[in-house]
Amino acid sequence: MSFREEDRSLKQPLVEDILERLSDDEEIVTFDGLLPIEEDQVPDHADEEDINLQKLYEEMKDLHKQKNVLKKPSLFVVSILVFLFGFAEMLYLTPFITLTINKICVGINIGSCDSEEVQMRVSQIGSITLICSGIISTLMGGKWGQWSDQYGRVKIFGYMGVIRVFGNFLHLMTLTSWVPYNQWLIILSATLNSTSGGMFAFFGNVNSYIADVVEPEDRISSISLVNSLMQVTTGVGPLMGSLLVKWYNGNDAVPIYLAMITGILFTILCFTVVEEPRHQKILKYTREQVVAKQLESHLEYNNEIMRSTTLWYTLQLRGKYHISKLVALLSPLKQLWLKDRPSTVKWNVILLVLIDILFMSVITGIMPSFLLFCTFKYHWKSVELGYFISTNGIM
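Here the structure is a predicted model, which is why all the values come from computation and not from measurement.

Broken down by element type, the protein chain carries 13 helices and 2 strands. Looking at the protein chain as a whole, 39% of its 395 residues qualify as buried. Here the contacts in the protein chain between residues at least 6 apart in sequence split such that 72% fall between residues at least 24 apart. When the accessible surface of the protein chain is split by element, carbon and sulfur atoms take 64% of a total near 22,800 Å².

This is how it looks when you write it as structure tokens:
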């Protein structure tokens, strides 16, 4: 037996032993048998995996039948969450633009907020924020999807709510008179929300929730319904924000207060009322699989370090290991390349992704520039901006 083969033979029992200790009881949870089984009775066939998954699915359905409307995982429940989340996000949109312009005017001591200097700084802050938010959202989006599989859809909704409420609160603080003007502080607070993965990570989790509670033949129509509901919030949110600013004599902070209350309500519902649609044994199995993979990778790394004979080679190994951990943030993107499909299908998927990226880049780039142009050319405030965005959202 070679040294490498002997190393693998010693490593595998150790990983299995650690997994066994991770279990809450003396039984081992495996994907082949998510229901408790003995060590010497692990099934080997995919059919048995499907049978056990179906049993857990039916068990959860029977359990949910006894719940009330809000506690029963359903399309109705996720629709409420989507509406609250989207409504809060749309309320933030226009007041932050006006507050940012006013903050810059005060910060650089310019009498007219319509000057080119103010517009240039607002544009600069917006551009840097969009670039930073896009990069962070890309890095974090896939990880939120993985955490959703490990810890549950509803918990991830709750954590996203916490991050966005906290981030928007800090953003509001940087635009008040209590905090001195600092361009980079405004950018930092505005970028914090992107650590939740952005709207795409949120909708990814929504689609996963729908897949857990809706039959396969109804999933496309259900996803379309929820997306339409989000579009409704695009019309209702800014309109409500404009009305609130108008009713409270131009106070742009009022819609933000309502948005934060809505975000807090969303978060509380996720942590207290709404229940997880997936079976706890499936979540436990997913976590154990991730831990096993991490342990195996770490053991292999330690064995390589022990075999290294020079300091330079050791430093190379350490650098490669930590870089691989950083690159692992992008590992979910590998799922876009469908291994078991024909090459035409693979490239069609990649092409669709590129088209979507180009389309969203155009939409994301045009809207802030157009709104900024309207504030400069037509002297629009948050009221008029809200009317404009609501009209576009409804149409």
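Here the focus is the environment of A253. If you trace the backbone, A253 turns up in helix 9 (residues 253-272). Judged by its relative accessible area of 12%, A253 is buried. For A253 and P95, which are 158 residues apart along the polypeptide, the C-alpha to C-alpha distance reads 6.9 Å.

Interhelical geometry of helix 3 (residues 75-107) versus helix 9 gives an angle of 155° and a closest axis separation of 8 Å. The angle between helix 3 and helix 9 places the two elements in the roughly antiparallel class. Helix 3 and helix 9 meet at a crossing whose hand is left-handed. Contacts between helix 3 and helix 9 involve L81, L84, F85, F87, A88, L91, Y92, P95, F96 and L99 from the first element and P255, I256, L258, A259, M260, T262, G263, L265, F266, L269 and C270 from the second. Residue composition of the contact of helix 3 with helix 9, grouped by class: 19 nonpolar, 2 polar and no charged.

Following the criterion strictly, the structure yields 16 aromatic pairs and no others. With a centroid separation of 6.0 Å and an interplanar angle of 90°, the aromatic rings of F373 and Y378 are classed as edge-to-face. Linked through ring pairs, F85, F157, F202, F203, Y209 and F266 together constitute an aromatic cluster.

So, on to a nonpolar patch on the surface. Together, V362, I366, F370, F373 and Y378 line one region of the surface with nonpolar side chains, adding up to about 490 Å² of accessible area. Turning to its location among the elements, F373 is positioned in helix 12 (residues 343-377). Exposure remark for F373: the relative accessible area of 41% places this residue in the partly exposed category.

With that settled, consider the nonpolar core. One finds V118 and I256 to be the most contacted residues of the largest nonpolar core, which totals 27 residues. If you list the elements that add at least two residues to this core, you get helix 3, helix 4 (116-151), helix 5 (153-174), helix 6 (183-191), helix 9, helix 12 and helix 13 (382-394). In terms of nonpolar packing, the next biggest core, distinct from the first, is built from 25 residues, V77, V78, M160 and V214 among them.

According to the stated counting rule, one finds 5 salt bridges in the structure shown. Salt-bridge contacts for R164 lead to E89; the nearest nitrogen and oxygen are separated by 3.0 Å. Of the two residues, R164 sits in helix 5 while E89 sits in helix 3, which places them 75 residues apart along the sequence. Each member of the pair, R164 as well as E89, carries the same accessibility label: buried. Here the salt bridges share partners, and the residues they tie into one network are D149, R153 and D212.

Moving on, we come to helix 7 (residues 198-213). In an α-helix, one turn spans 3.6 residues; hence positions three or four apart end up facing the same way. Taking 1.5 Å as the rise per residue, helix 7 with 16 residues should run 22 Å; its terminal C-alpha atoms sit 23 Å apart, in good agreement. The set of residues buried in helix 7 consists of G198, A201, F202, F203, N205, V206, Y209, I210 and D212.

Turning our eyes to something else, we now look at the side chain of S390. For S390, the location among the structural elements is in helix 13. Residue classification places S390 among the buried residues on the basis of a relative accessible area of 3%.

Right, let's get into the packing of helix 12 against helix 13. Contact geometry of helix 12 with helix 13 gives a least axis separation of 11 Å together with a crossing angle of 140°. Between helix 12 and helix 13, the crossing angle belongs to the class labelled oblique. The chirality of how helix 12 crosses helix 13 is right-handed. Here helix 12 contributes M367, F370, L371 and T375 to the contact with helix 13, which in turn contributes L385, F388 and I389. Across the contact of helix 12 with helix 13, the residue classes tally to 6 nonpolar, 1 polar and no charged.

Phi is positive for N249, close to 55°, though the residue is something other than glycine. Looking at where N249 falls in the secondary structure, it is placed in the loop between helix 8 (219-247) and helix 9. Take N249: its relative accessible area is 74%, and that puts it in the exposed class. At H379, a residue that is not glycine, the phi angle is positive and equals roughly 60°. Looking at where H379 falls in the secondary structure, it is placed in the loop between helix 12 and helix 13.

Conventions and cut-offs
Positions within a chain are numbered from 1, following the residues in the order the chain's sequence is written. Since the coordinates come from a predicted model, pLDDT governs what is reported: local features require at least 70, and pairs of side-chain atoms require 80 or more to be given and counted, while whole-chain, interface and lining totals use all residues. Excluding hydrogens and water, the side-chain figures rest on all heavy atoms present in the structure. Comment: elements are numbered from the N terminus, with helices defined as DSSP H or I runs of at least four residues and strands as E runs of at least two. Think of it in three bands: with a 1.4 Å probe and only protein chains considered, a residue is buried below 20% of the maximum accessible area for its type, exposed above 50%, and partly exposed in between. Should any heavy atoms of two residues lie within 4.5 Å, those residues are counted as being in contact. Computed by Shrake-Rupley with a 1.4 Å probe, the accessible areas treat only the displayed protein chains as cover when residues are assessed. Axis definition: a line fitted to C-alpha atoms, over the contacting stretch in the case of helices. Angles run 0 to 180 degrees between N-to-C directions. Here roughly perpendicular refers to angles of 65 to 115 degrees, roughly parallel to angles under 35, roughly antiparallel to angles over 145, and oblique to all remaining angles. By convention the crossing between two helices is left-handed if the near helix lies anticlockwise of the far one by an angle smaller than a right angle, and right-handed if it lies clockwise. Classes in brief: Ala, Val, Leu, Ile, Met, Phe, Trp, Tyr, Cys and Pro nonpolar; Asp, Glu, Lys and Arg charged; the others, Gly included, polar. Side-chain rings of Phe, Tyr and Trp (the six-membered ring for Trp) are treated as a pair once their centres are within 6.5 Å; stacked means planes under 30 degrees apart, edge-to-face means over 60, and tilted covers the remaining angles. Patch membership needs two things, relative accessible area over 30% and no salt bridge, and members are linked within 9 Å if like-charged or within 5 Å if nonpolar (Val, Leu, Ile, Met, Phe, Trp, Tyr). Salt bridges are identified by distance alone: a Lys or Arg side-chain nitrogen within 4 Å of an Asp or Glu carboxyl oxygen. We call a set of buried residues a nonpolar core when its members are Ala, Val, Leu, Ile, Met, Phe, Trp, Tyr or Cys and they connect through side-chain atoms within 4.5 Å of each other. For a helix, the expected span equals 1.5 Å multiplied by the residue count minus one.

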